[in-house]
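# Commentary on secondary and tertiary structure
Residue-level listing of the chains:
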Amino acid sequence: GTPLMQADRRMGIELPLRILIWREGGETKIGYNDPHAFADEYDLSALITVLDALRNLLRQLVEQVA
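Below is a summary of the structure that appears in this document. (Residues numbered from 1 in each chain as written. Predicted model: local features only at pLDDT ≥ 70, side-chain atom pairs only at ≥ 80, totals over all residues. Heavy atoms only, no water.)

## Points about the overall build of the protein chain
Within the protein chain one finds three helices and two strands. Starting at the N terminus and ending at the C terminus, the protein chain contains elements arranged as α-β-β-α-α. Oriented by its inertia axes, the alpha-carbon framework of the protein chain measures out at about 40 × 20 × 15 Å. Going through the 66 residues of the protein chain one by one, you find that 26% of them count as buried. (Helix = DSSP H or I, 4+ residues; strand = E, 2+ residues; numbered from the N terminus. Buried < 20%, exposed > 50% of the residue type's maximum accessible area, 1.4 Å probe, protein only.)

What follows is the structure, encoded as structure tokens:
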């Protein structure tokens, strides 16, 4: 997260990234915001590779839990 906050300090409000797990209708659901969604809201266009790495990390964590 540090490179993201160095690029745009406002990104600190979004960090740490979070994964939400909840029960709904007898099912367990898992959700998170795709880090690429922050690229438009904050000045992160130069950090696409960092956003890719964070996206992959979140996917891996969710896959391990699921």
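What follows continues from the structure just given.
## Description of the pairing of strand β1 (residues 20-24)
Side-chain direction in a regular strand flips from residue to residue, so the side chains alternate between the two faces of the sheet. Note: β1 against strand β2 (residues 27-31), five bridges, orientation antiparallel. Within β2, the residue paired with E24 across the bridge is E27. Where β1 hands over to β2, the hairpin turn is made up of two residues, of which G25 adopts a positive phi near 55°. (Pairing = 2+ DSSP bridges.)

## Let's talk about the nonpolar core
The nonpolar side chains of soluble globular proteins are, as a tendency, buried together. Counting residues in each nonpolar core, the largest one holds ten residues, listed as L4, M11, L15, F38, A39, Y42, L44, L47, L51 and L54. Breaking this core down by element, the ones donating at least two residues are α2 (37-41) and α3 (48-65). What L4 contacts, discounting residues up to four positions off in sequence, is M11, L44, L47, V50, L51 and L54. (Core = buried A, V, L, I, M, F, W, Y, C linked by side-chain atoms within 4.5 Å. Contact = heavy atoms within 4.5 Å.)

## A few points about unusual backbone geometry
Between L15 and the following residue, P16, the backbone shows a cis peptide bond with an omega angle of 5°. Structurally, the position occupied by P16 is in the loop between α1 (2-7) and β1.

## Overview of α3
Compared with an ideal rise of 1.5 Å per residue, which puts 18 residues at 26 Å, α3 spans 26 Å between its outermost C-alpha atoms and is within 8% of the ideal. Within the span of α3, buried status applies to L51, L54, L58 and V62. In a view along the axis of α3, the buried residues occupy a sector of 70°, so they form one face of it. With respect to the buried face of α3, the exposed residues turned more than 90 degrees away are T49, E63 and Q64. Where α3 is buried, its residues touch α1, β2 and α2. (Expected span 1.5 Å × (residues − 1). Arc of directions from axis to C-beta.)

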